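# Coordinates in review
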Amino acid sequence: RRYLRRGDHHYIIGERLRSGSALAQAALSRAGRYQEVSENLRVKEVRIGEGERFVICYNPEAAERDAALRVRLVARLKEMIADSDRLSLAKRAELRWVISTKPGLLRYLRVTAGGFLRVDAQAITAEEKLDGKYLLRSSDPSLSAEDIALGYKQLAEVEAAWRTLKTD
């Protein structure tokens, strides 16, 4: 980003929602209304600091997919840890290690002080707030929030076309 800004160029980049970045958290916590861009895209602009613009994009179809995936993952996790209280501490640690190799499941696992495995309800609630959302950052003051979102979406389509072109 610094390199592009040095030459007075601008950028649009995707930010990780779960990165823990203070700027990303600040952008996500700002209240405001979404503007409908298309049937499956709504955007909300958030300005944080000088020269940095964030656009929160929301796709209702992706939100449904994210929620359905989470339901399947939590059900699988519950199934895996169902009788784990009866296991020895060593066996529970082994099961925890197995779950840790599956990041989708690990996100919803909570380990109590006594070493018992539980589903983390707070993590589920936090993830529900992110369903169907992605975060974009741009330095271009001339682009609208809609243009930033559509420009990023167009880039994703170009990348998908390149991947298709490079495969058999």
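Residues numbered from 1 in each chain as written. Predicted model: local features only at pLDDT ≥ 70, side-chain atom pairs only at ≥ 80, totals over all residues. Heavy atoms only, no water.

With that out of the way, let us pick up a nonpolar patch on the surface. A cluster of nonpolar side chains, namely V158, W162 and L165, defines an oily patch on the protein surface of about 340 Å² accessible area. Position of L165 among the secondary structure elements: in helix α7 (residues 145–166). (Patch = residues over 30% accessible without salt bridge, like charges linked within 9 Å, V, L, I, M, F, W, Y side chains within 5 Å. Areas by Shrake-Rupley, 256 points an atom, 1.4 Å probe, with all protein chains shown as cover. Salt bridge = Lys/Arg side-chain N within 4 Å of Asp/Glu carboxyl O. Helix = DSSP H or I, 4+ residues; strand = E, 2+ residues; numbered from the N terminus.)

As a further point, take the pairing of strand β7 (residues 133–138). Two elements, strand β1 (residues 12–15) and β7, share four bridges in a ladder whose sense is antiparallel. Looking at β7, one finds that G14 is bridged to L136. The sheet contact formed by strand β4 (residues 53–58) and β7 spans six bridges and is antiparallel. Looking at the pairing, C57 lines up with Y134 of β7. (Pairing = 2+ DSSP bridges.)

Quick look at the sheet that holds β7 now. If you walk across this open sheet you meet the five strands as β1-β7-β4-β3-β2, and the pairing is antiparallel. A strand with exactly one partner marks an edge of an open sheet, and here the two such strands are β1 and β2 (35–38). Going from strand to strand, the sheet's axes swing by 35 degrees on average, the running direction of each strand aside. Contacting β3 (41–47), β4 and β7, helix α2 (residues 22–29) crosses the sheet at an angle of about 60 degrees to β4. (Axes fitted to C-alpha atoms, helices over the stretch in contact; angles between N-to-C directions. Contact = heavy atoms within 4.5 Å.)

A few words now on the pattern of salt bridges. All told, the structure shown has eight salt bridges when counted by the stated rule. The closest approach of N and O atoms between D131 and R70, which form a salt bridge, is 2.7 Å. Separated by 61 residues along the polypeptide, D131 in the loop between α6 (121–128) and β7 and R70 in helix α3 (residues 60–81) bring together distant segments of the chain. The exposure class of D131 is buried, given its relative accessible area of 11%. A network of salt bridges, in which partner residues are shared, links R18, R107 and E127. (Buried < 20%, exposed > 50% of the residue type's maximum accessible area, 1.4 Å probe, protein only.)

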